[in-house]
Amino acid sequence: MQFKLFHFFRRNTNPLIVAILSFAVFILRFGIKPLNIFETNWIKNLGSDFGNEINLWYYFLHSPWTFPITSVGYDYPTVIGVGMTGSIPILSIPLKLVYNIFPINFQHLGWWFALCYVLQGLYAYKILNLWVDKLPKDIVKNNNFDIIPIVGALFFVVAPTLLFRWGHIDMNAHFLILIGLYYYFNTNKSPRKNLIALIVLCLITAAVQQYLLLMVLGIAFAGGLQNLISRKINFGGFTAFLAILLIGVFFVLDSVGDFILPVTAQQNDGFGKYSANLNTFWNPLNSSKFIKTQPLAFSDQYEGFGYLGIGVLLLAGISVASLIFMKSVRKRYAFKFSSIVFVSLLIFIFALSKNITFNSKVLLEIPVKDYTALGIFCNSFRGSGRFIWVPYYLIMIGIFEVFVNLPIKNYLKIILLLFFLALQMFELQSLFALNLNHNAVETAFPSEVEKHIYDEAEKLITYPLYCWNVKTSGDFYKFAYHTSELGLPITTGYLARPDYKARGDWAKKFNAALDSGALFDAHNAIVIPQMSEVGRFDKVCKSGLLKSFVCNGYAILVPPNLKNTISFLEHNKDVQPLKFHTEFFSDFLKRHTNNTVLLAVSDEAANKLSDSEKKYLTSIGSHIADSLRFQGSYIGIIHKGKTIFEQFANGKIIEHNFLKNEKIGAFSLPENIYLMSKGTFAGIDCAIKIAGIEYTHRNQGFNCVAIDAQGNVVEKCVFNTYLSSERAVFE
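**Quick word on the side chain of Arg727**
If you trace the backbone, Arg727 turns up in strand S22 (residues 726-730). Engagement of the side chain of Arg727 in a polar contact is seen with the side chain of Glu715, the distance being 2.7 Å.

**Examining unusual backbone geometry**
Cis geometry is found at the peptide bond from Phe67 to Pro68, where omega equals -5°. With respect to the helices and strands, the residue Pro68 is situated in the loop between helix H4 (48-62) and strand S1 (70-72). Going from Tyr76 to Pro77, the amide bond is cis rather than trans, its omega being 5°. Positive phi outside glycine occurs at Leu285, with the angle close to 45°. Structurally, Leu285 is set in the loop between helix H12 (235-255) and helix H13 (310-325). Of note, Gln631 is a non-glycine position whose phi angle comes to about 70°, a positive value. Tracing the backbone shows Gln631 in the loop between helix H27 (624-627) and strand S12 (633-639).

**Observations concerning the packing of aromatic side chains**
If you walk through the whole model with that rule in mind, you get 52 aromatic pairs. Taking the centre distance of 6.1 Å and the plane angle of 40° together, the rings of Tyr463 and Phe510 count as tilted. Taken together, the positions of Tyr463 in strand S5 (residues 459-463) and Phe510 in helix H22 (residues 500-515) put the pair 47 residues apart, joining distant regions of the chain. Given the relative accessible area of 1%, Phe510 is considered buried. Between Trp506 and Phe510, the aromatic rings sit 5.3 Å apart at their centres with planes inclined by 15°, giving stacked as the arrangement. In this pair, Trp506 and Phe510 both sit in helix H22, four residues apart, roughly one turn of the helix. Both residues of the pair, Trp506 and Phe510, belong to the buried class. Over the ring of Trp65 we find Lys96; its NZ or CZ atom is 4.4 Å from the centre of that ring. The ring of Tyr211 has Arg386 sitting right over it, with the charged end atom 4.5 Å from the ring centre.

**Things to note about the pairing of strand S3 (residues 355-358)**
Pairing of S3 with strand S4 (residues 361-365), which is carried by four bridges, proceeds in the antiparallel orientation. For Asn355, the partnering residue across the bridge sits in S4 and is Glu365. Turn length for the S3-S4 hairpin, with the two strands adjacent in sequence and antiparallel, is two residues, and the turn residue Asn359 shows positive phi of about 55°.

**A short note on the environment of Leu122**
Mapped onto the elements, Leu122 comes out in helix H6 (residues 109-134). The spacing of Leu122 and Ile150 is 28 residues in sequence and 9.0 Å in space, taken between C-alpha atoms.

Rules of the game
- Residues numbered from 1 in each chain as written.
- Predicted model: local features only at pLDDT ≥ 70, side-chain atom pairs only at ≥ 80, totals over all residues.
- Heavy atoms only, no water.
- Helix = DSSP H or I, 4+ residues; strand = E, 2+ residues; numbered from the N terminus.
- Polar contact = N/O pair within 3.5 Å; in protein donor to acceptor, adjacent residues only side chain to side chain.
- Phe/Tyr/Trp six-rings, centres within 6.5 Å; stacked < 30°, edge-to-face > 60°.
- Buried < 20%, exposed > 50% of the residue type's maximum accessible area, 1.4 Å probe, protein only.
- Lys NZ or Arg CZ within 6 Å of the ring centre and 35° of its normal.
- Pairing = 2+ DSSP bridges.

Written as structure tokens, this is what we have:
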């Protein structure tokens, strides 16, 4: 036994060294704590995609087994296929089977990161070692040559694209691309074995991540095509390969629920925004200590980040120079058709998307209509810039292949590689500095309230439905982190592919019931609305269907049948009764007829603006009744009960700067004032700044700020007239 173990380590010394060094890079970036499966604070404190993935992982643990395999409860009533959750089905499905043996919820994401780094290094080593095996004996003539593929593999582990992409946990599996390229280039095995390996790889990738699957499918197709061209398989064999591949992938995707969400329910836009720029391979996007960041045409082109790093760029310079000036090197690389280069070129074009850009300029726009078959496919992979990874790694492999073939001493190659690796790691310090926060996550309520508030509830409803900001930006995570651990459904969620139809149907029924003074699907639910939306619940509170409390600035509405919860809240020192009455938009304007009211719309404000409100607005000289369109932008000023300024727009931003003492009619502005509005299709935002200070809540509807003659803020509020013309006034 000891002899066999010794023989194994001796035979695999180099791969083991690569694995250890790759794991060390992971530790350098993340530290050791993420490997504790019961430590989740580091994920939760990161929020965004991380918070989403830990939430979906917990909801999946609490979901019943179904086929296709789904997760329920998050973004209620959406049913999410586990393949769309980011929780890595190939790991999360078997881990769910053993979930009950653990005393508390656990996470597997830290070990997944470690696995990604180790396999990235191992398969980069295996690829580079293929070129070593093919080298002439006059080049491979001493033992220290083995160091070259080891050091070369580390360039792939510290590749800027991998370091940059850590925000999407499942997309860290760049090693899947390298495995595909390894089986493409490996001619030591029979074509049949390589093609079987590519099929298995695609099936595994289908249970990891959809973008990576499309990339690996491209590599697998190239592998089959190359074998067909070189006559290692016939056309029948190529057809059988593709059929088995596609049927198997379809089955896996269907099993993990990737087809549950109908295309018609998805948001079919975005292709072209998240693309790669032609400068991607040398544009560091603020990650380099040496190279200046180049401009982008669109801010979202960070998705196409493909910076090679200073070390690889210098190696590329040496390799290109040798091809130009060294005939012996140039002869080795006489042009031959390569299907992987052909497929990689197609993938590169897709990464550029329909907008071909260089720096800040759009060089070419290719028309792609959203609701055609092509448009639906492209928008399903709207983060097209990510596809740069296939040509990216192919370029790196090509650079190293040329470099290891250079007719120079091996020790010089090793010195150069070590120097360039150290230089690249020094350059990319900003990408290494994660500084993970392992402190306890901030909660919405004091600990005792947080512990017991959901004891009897069957779901948590945030309002407006599916909003991310209840009191502060992104604070829905404070609720979702708790509800996910309990498996308690919540009517919000951060999803790349929400089911807009399911959301819309449920919201329509809930709001219709609310308008009539009733509740829909909420008789055992706790409701936590924005304070500006509490007025929507005036009827159901007055009729006794909900009892209202306030804690830590959050409104809490509880149905009377949750008796223990109500009793707990009534006797808790951190909770107070919430008393309020409602006020209409027109009533607010009437109260401020001695002041100046500044108005700015965010998102939408026309939907539920009642006829009586429109009549009053018309009487004070406003054209809102006639000119404010659904989802339109609007800014206005009402001075002492008369409209003295307003602007409207559809689908674009409105903004206006007023200077102190500037006159609008007879009215002289007391301060510098800035008004801005973005309706739904202009970006959903607004601003009301007085002397440079922002005063709006930036919530949906009319954001209002009343000021006195000296420019002092008297009152600020929001009327969400998309849902109602009234708001709550707290007593």
